[in-house]
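Descriptive structure summary
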Amino acid sequence: VCPLSQESNQRSIVLKLLTGLPDRIKSERKYLEKQISAAKKLIIVDPYFFSWGGPNRIFDKESKYTDFIINLIPKSVSDLEIFHLPHPNTRIKYKFHKMIRSRQIKVHYLETNEIHDRVFIIDDEQAVLVGTSLGGYGNKLAFVLSIPKEDLENFTKELERIRLTGRSIASGELSR
């Protein structure tokens, strides 16, 4: 049993190991979906969100990866913000944008080189850190773990600083 999955100092720290093993792929992919399933506001911080590194054992085609990230966004979400690297894969981003907008989701993109880790923030109240980009989700050993409240508050302050100083793209500006 992993010590991080147990009670520690009066608070529970949740941890999930992603292995990508054939008998666990479905449950491992559903783990992140469950963490964000009820979100109304979702902030995704993933430098490589709009990137696909080529065929792997989970995503043999770019379209499968794109469908995965589109379907990852819960139906409950009405407000979505994505922090990603500059110069994203335009095919992925435009397909994603088109589908998200068709669901009447208000979406905002921010380009930044300042972030390394992948974080999903749910309704500004809780967050999970994903140890791999989504293109590698279930492909390599990685962890998904809850971020403690104090760390989330500090991380959120840094995101606000990036919002004020970074390149922001409102959904209306995105066109083909």
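The following refers to the structure shown. For clarity, every value in this text was computed on a predicted model and none was experimentally measured.

**Brief notes about the side chain of His84**
Topologically, His84 is positioned in strand β5 (residues 79–84). For His84, a relative accessible area of 1% puts it in the buried group. A polar side-chain atom of His84 sits 3.2 Å from a polar atom in the side chain of Lys93. Look past the residues within four positions of His84 in its chain and what remains in contact with it is Asp46, Pro47, Phe50, Lys93, Tyr109, Leu110, Glu111 and Thr112.

**Some details on the nonpolar core**
Leu42, Leu80, Phe96, Phe120 and Leu134 are the most contacted members of the largest nonpolar core, which has 34 residues in total. Here this core gets five residues from one element, more than from any other, and that element is helix α2 (residues 62–72). Each residue touching Leu134, except ones within four places of it in the same chain, is listed here: Leu32, Asp46, Phe49, Phe59, Tyr65, Phe68, Ile69, Leu72 and Phe120. Ranked by size, the runner-up nonpolar core spans twelve residues in total, among them Phe83, Val119, Ala127 and Ile162.

**A short note on the pattern of salt bridges**
Applying the stated criterion across every chain, the model contains eight salt bridges. Lys95 is paired through a salt bridge with Asp67; the nearest N and O atoms lie 3.0 Å apart. You can see Lys95 sitting in helix α3 (residues 90–102) and its partner Asp67 sitting in helix α2, a full 28 residues away along the chain. Note on Lys95: relative accessible area 35%, which makes it partly exposed. Using a relative accessible area of 35% as the deciding quantity, one classes Asp67 as partly exposed. Notably, a salt bridge pairs Arg161 with Glu114, separated by 2.6 Å at the nearest N-O pair. Of this pair, Arg161 sits in helix α4 (residues 149–165) while Glu114 sits in the loop between β6 (106–111) and β7 (118–122), placing them 47 residues apart in sequence.

Basis of the calculations
Within any chain, residue numbers begin from 1 and follow the written order of that chain's sequence. Totals for whole chains, interfaces and linings use all residues, but because this is a predicted model, local features are given only for residues with pLDDT of at least 70 and pairs of side-chain atoms are given and counted only at 80 or more. Processing note: side-chain calculations cover all non-hydrogen atoms of the structure and skip hydrogens and water entirely. Helical segments are the DSSP runs of H or I of at least four residues, strand segments are the runs of E of at least two, and each set is numbered from the N terminus. Exposure classes here rest on a 1.4 Å probe applied to the protein chains alone. A residue is buried below 20% of its type maximum, exposed above 50%, and partly exposed in between. Residues adjacent in sequence count toward polar contacts only when both atoms are side-chain atoms; beyond that, a polar contact is any pair of N or O atoms within 3.5 Å, and within protein one must be able to donate a hydrogen and the other to accept it. The contact criterion used is simple: two residues touch if any of their non-hydrogen atoms lie within 4.5 Å. What is meant by a nonpolar core is a set of buried Ala, Val, Leu, Ile, Met, Phe, Trp, Tyr and Cys residues, joined one to another through side-chain atoms within 4.5 Å. Any Lys or Arg side-chain nitrogen found within 4 Å of a carboxyl oxygen on Asp or Glu counts as a salt bridge.

Treat this as a map of the structure, not an account of what it does.
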